[in-house]
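# Commentary on secondary and tertiary structure
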Amino acid sequence: SLLHTIENSDEVPQMDLEAKRLLEVIAIRHDQQKPLTVTEAMALNHIASPATLHRKLDQLRDMGMVTTVFDGANRRTKYLIPTDAAHDYFESVGQAMTQAVRTV
């Protein structure tokens with residue numbers, strides 16, 4: 001219930017399940033030093049259809065949760081990078097989970 005409270009607060013941007021799952025994949029790949037490309041994100045059909053994924057990427061960008069960057073001189077491939085706002089979101093979720101475990 002703590003996680004639900006945090007996710008419904010004004011401090012955390014509202015995201016639906018597909019956007020959360022996509023953000024998680026982007027963050028994990030970034031943490032593994034293997035940033036996800038936009039093309040790879042569009043192929044994550046276990047999360048949603050390509051059209052839905054495209055909308056979710058736009059939503060995450062509009063919320064300031066992800067940004068796209070180019071690597072070196074290659075201007076064709078865009079990599080998805082979580083922003084400080086995404087890191088803050090995951091930090092809040094982690095704290096809520098830790099607090100929930102302590103109260104059990």
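Fair warning: this is a prediction, and the values are worked out from it, not measured in the lab.

What counts and how
- Residues numbered from 1 in each chain as written.
- Predicted model: local features only at pLDDT ≥ 70, side-chain atom pairs only at ≥ 80, totals over all residues.
- Heavy atoms only, no water.
- Helix = DSSP H or I, 4+ residues; strand = E, 2+ residues; numbered from the N terminus.
- Buried < 20%, exposed > 50% of the residue type's maximum accessible area, 1.4 Å probe, protein only.
- Areas by Shrake-Rupley, 256 points an atom, 1.4 Å probe, with all protein chains shown as cover.
- Core = buried A, V, L, I, M, F, W, Y, C linked by side-chain atoms within 4.5 Å.
- Contact = heavy atoms within 4.5 Å.
- Phe/Tyr/Trp six-rings, centres within 6.5 Å; stacked < 30°, edge-to-face > 60°.
- Axes fitted to C-alpha atoms, helices over the stretch in contact; angles between N-to-C directions.
- Parallel < 35°, antiparallel > 145°, perpendicular 65-115°, else oblique.

Turning our eyes to something else, we now look at the overall build of the protein. Looking only at helices and strands, the protein features five helices and three strands. For the protein, the succession of helices and strands along the chain, N to C, is α-α-β-α-α-β-β-α. When the 104 residues of the protein are sorted by exposure, 30% land in the buried category. Accessible area for the protein stands at about 6800 Å²; split by element, carbon and sulfur atoms hold 50% of it.

Let's shift gears to the nonpolar core. Judged by nonpolar contacts, the single largest core of 20 residues is most densely connected at Leu 22, Leu 23, Ile 26 and Leu 60. Residue assignment for this core shows that the elements contributing at least two residues are α2 (17-31), α3 (38-42), α4 (50-62) and α5 (84-103). Among the elements that make up this core, the one with the highest residue count is α2 (four residues). What Leu 22 contacts, discounting residues up to four positions off in sequence, is Ala 41, Leu 44, Ile 47, Leu 53, Lys 56, Leu 57 and Leu 60.

Turning to the packing of aromatic side chains, a few remarks are in order. Given two aromatic rings, one states the distance between the centres and the angle between the planes to describe the pair. Inspection of every chain in the model, using the stated rule, returns one aromatic pair. Their ring planes at 65° and their centres at 5.3 Å tell us that Tyr 89 and Phe 90 sit as a pair that is edge-to-face. Note on Tyr 89: relative accessible area 7%, which makes it buried.

Turning our eyes to something else, we now look at the packing of α2 against α5. Where α2 meets α5, the closest approach of the two axes is 12 Å, and the angle between their N-to-C directions is 105°. The orientation of α2 with respect to α5, classified from their angle, is roughly perpendicular. From α2, Lys 20, Leu 23, Glu 24 and Ala 27 reach across to α5, where they touch Ala 86, Tyr 89 and Phe 90.

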